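In case you want the letters, here they are:
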Amino acid sequence: MITIIDYGIGNLRSIERAFQHVRPDVVRTDDPDLIRAADHLVLPGVGAFGACIQEVRQRGLEQPIMETVARQVPFIGICVGMQMLFESSSEQGMHTGLGLLKGSIKELRPSDPSLKIPHMGWNVVSPVKHNPLLSGLPADARCYFAHSFYASDVSPDNLVAVTDYGHPLPAIVAHNNIYGVQFHPEKSHDVGLRILANFATLA
Amino acid sequence: MSIAKRIIPCLDVDRGRVVKGIQFVNLVDAGDPLEQAHVYNSEGADELVFLDITATHEGRGIMHDVVRQTAEQIFIPLTVGGGIRTLEDMWQMLHAGADKVAVNSAAIKNPGLISECAGAFGAQCVVIAIDMKRRTEGGWEIYTHGGRRPTGIDGLEWAKEAEERGAGELLVTSMDRDGTQIGYDLELLQALDELVQLPVIASGGAGTLEHLRDALLIGRAHAVLAASMFHFKQVTINQAKQFLHNAGITVRMT
């Protein structure tokens, strides 16, 4: 079962629908027991980091998430869900994240005025190392991004792909069974569906 | 390699059907929204915009269904606008499956709505739509209510204010050009590019591939919205992308 953690922020139907496109058994839930029972776990996220992580904690989901990740279940964070994997964020005050990956979330401030904020649209996801999530993707694959904050001070060991927006930003990160994508695979057409399929078939 | 300029077909939807008018009047039927969304999705459109031009309560329900069905089948971003007045209206559209919601008249009436929506759902899903007409003395004035009501508000000042209040994107329509197919208002686009940090979607006037190119290169818009030229199959999205690519513009090729 692909288990999408639904902590009440944003419409998760698109993510659910995209996963259903690649695998039939998908569930959306905030039930800690169902999270513990997941064989693939998905942490979505839109809007503000603080509101998202607070909702995850208030619903008592941090513990079941950490336990599930600890038993090596493939786990992916999407957009703000990816950002929550890191230690902290400075979006509207300081917030602590799940701390599964080293690094912190900071505001995008490109020096080039032609680079608008938010970073919104289709940008190239450039691999920096091999990873099963990238399997079968074309070299110049573009994915849909919509964000104003990014993961900084990411350990080079965890950096799988970058996207260029004034400087290279982490687009895909990974550490053992933990994955994160800054873009929206569920909105990235065939490329995004391929990435979700790659995740869904991880052993 | 850099971020791609976006090509966005816009579907004006009236009671569940796509329609198109010239300068906001003389509507003609242009097909089924879901069918068209499918075609655009497979042709390589980067996003879709649905503008609900039905004023009635009943029409609103139909629009939710159209959005829901489209979001079930299309894996590219979907923006929905038209008649969004409150946080609740926005929430309903997002829950029907829209990724972003465009707010127009209501934000002008109540500018606080912008920060309210951005705070609740994130700036990335708040698109401020602005309909502007050139003033004879220079500059642009905002019109609301589908382009029927002049407001006396300066278009550029409002664009700046929308940014400061937390909008994620601006969708700017030149009413002088809308439906005319004589090209975008390039001076307006340049003025906006110099003024705001937000991505600007150019709208109103697209008729040829050169118009798209000019809005992106000369107007420095981040995305171009077009309706008539795509609906009536004058060009396909693929042809547009190929043309822009050949003109040296970064686009997503599929």
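Scoring rules and cut-offs
Residues numbered from 1 in each chain as written. Chains lettered and ligands numbered in written order. Predicted model: local features only at pLDDT ≥ 70, side-chain atom pairs only at ≥ 80, totals over all residues. Heavy atoms only, no water. Helix = DSSP H or I, 4+ residues; strand = E, 2+ residues; numbered from the N terminus. Rg over C-alpha atoms; globule rule 2.2 N^0.38 Å. Buried < 20%, exposed > 50% of the residue type's maximum accessible area, 1.4 Å probe, protein only. Contact = heavy atoms within 4.5 Å. Areas by Shrake-Rupley, 256 points an atom, 1.4 Å probe, with all protein chains shown as cover. Buried area = accessible area lost by both parts, 1.4 Å probe. Salt bridge = Lys/Arg side-chain N within 4 Å of Asp/Glu carboxyl O. Polar contact = N/O pair within 3.5 Å; in protein donor to acceptor, adjacent residues only side chain to side chain. Nonpolar A, V, L, I, M, F, W, Y, C, P; charged D, E, K, R; others polar. pLDDT = per-residue confidence, 0-100. Pairing = 2+ DSSP bridges. Axes fitted to C-alpha atoms, helices over the stretch in contact; angles between N-to-C directions. Parallel < 35°, antiparallel > 145°, perpendicular 65-115°, else oblique. Left-handed = near helix turned anticlockwise from the far one by under 90°. Core = buried A, V, L, I, M, F, W, Y, C linked by side-chain atoms within 4.5 Å.

Here's the deal with the overall build of chain B
Broken down by element type, chain B carries ten helices and twelve strands. Radius of gyration (C-alpha) of chain B: 17 Å, near the 18 Å computed for a compact globule of 254 residues. C-alpha extents for chain B along the principal axes are approximately 45 × 45 × 40 Å. Per-residue burial for chain B yields a buried fraction of 59% across its 254 residues. Expressed as a percentage of contacts within chain B between residues at least 6 apart in sequence, the contacts between residues at least 24 apart total 65%. Carbon and sulfur atoms provide 51% of the accessible area of chain B, an area that totals close to 9800 Å².

Some details on the interface of chain B and chain A
Accessible area lost upon the coming together of the parts serves often as the stated size of an interface. In this assembly, 34 residues from chain B lie in contact with 32 residues from chain A. Buried area between chain B and chain A, both sides added, is near 2800 Å², and the carbon and sulfur share of it is 56%. At the surface where chain B touches chain A, the tally comes to four salt bridges. Residue A:Lys187 pairs with B:Asp99 through a salt bridge whose shortest N-O separation is 2.9 Å. Here chain B is connected to chain A by 13 residue pairs in polar contact (both at pLDDT 80 or more). For the side of chain B that touches chain A, the elements supplying multiple residues, two or more each, are helix H2 (57–73) and helix H3 (87–96) of chain B. Partitioning the side of chain B that touches chain A into residue classes produces 15 nonpolar, ten polar and nine charged.

Considering the confidence of the model for chain B
Put simply, chain B has an average pLDDT of 91, and 95% of its residues get 70 or more. Taken over the whole predicted complex, pTM reads 0.95, whereas the ipTM for its chain interfaces reads 0.92.

Overview of the sheet that holds strand S5 (residues 88–89) of chain A
Residue and element names in this part refer to chain A. Taking strand neighbours across the sheet as the criterion, the four strands line up as S6-S5-S7-S11 in an open arrangement whose pairing is mixed. One side of each edge strand has no neighbouring strand; the edge strands of this open sheet are strand S6 (95–96) and strand S11 (149–152). Strand direction decides the pairing type here: S5 and S6, joined by two bridges, are antiparallel. When the bridges of S6 are listed, Ser88 appears paired with Thr96.

Description of the packing of H3(B) against helix H5 (residues 112–121) of chain B
Between two packed helices, the angle of one axis relative to the other and the distance separating the axes together describe the packing. All names here are of chain B. Running from N to C, H3 and H5 point in directions that differ by 40°, and their axes come no closer than 10 Å. With respect to H5, the element H3 is oriented oblique. Relative to H5, the crossing made by H3 is right-handed. Residues Leu87, Met90, Trp91 and Leu94 of H3 pack against Leu113, Glu116, Cys117, Ala120 and Phe121 of H5.

Thoughts on the environment of A:Val73
All names here are of chain A. Note on placement: Val73 falls in the loop between helix H4 (62–70) and strand S4 (75–78). Under the relative-accessibility criterion, Val73 is labelled buried at 5%. Placed 58 residues apart in sequence, Val73 and Ile15 show a C-alpha to C-alpha distance of 19 Å. Sequence-distant contacts of Val73, that is, excluding residues within four places in its chain, are made with Ala38, Asp39, His40, Leu41, Thr68 and Asn177.

Comments concerning the sheet that holds strand S12 (residues 159–164) of chain A
Residue and element names in this part refer to chain A. One open sheet accounts for eight strands, arranged S2-S1-S3-S4-S14-S13-S12-S9; its pairing is mixed. Unpaired on one side and paired on the other, strand S2 (26–29) and strand S9 (126–127) mark the two borders of the sheet. Bridge count for strand S3 (residues 40–43) against S4 is three bridges, and the pairing is parallel. Residue pairing for S4: Leu43 is matched across the bridge by Gly77. This element, H4, spans strand S1 (2–5), S3, S4 and strand S14 (178–181) of the sheet and lies at about 140° to S3. Sheet contacts for helix H6 (residues 189–200): S1, S3, S4 and S14; angle to S3, the most-contacted strand, approximately 135°.

Focus on the nonpolar core
If you look at the biggest cluster of nonpolar residues, it comprises 76 residues, and the most contacted ones within it are B:Phe50, B:Ile128, B:Leu170, B:Leu212 and B:Phe230. No other element matches H5(B), which puts five residues into this core. When sequence neighbours within four positions are dropped, the list of residues in contact with B:Phe50 reads B:Leu11, B:Val13, B:Pro33, B:Ala37, B:Met63, B:Val66, B:Val67, B:Thr70, B:Leu78, B:Thr79, B:Val80 and B:Gly81. Counting residues in hydrophobic clusters, the runner-up holds 66 residues, among them A:Ile4, A:Leu43, A:Val69 and A:Ala174.

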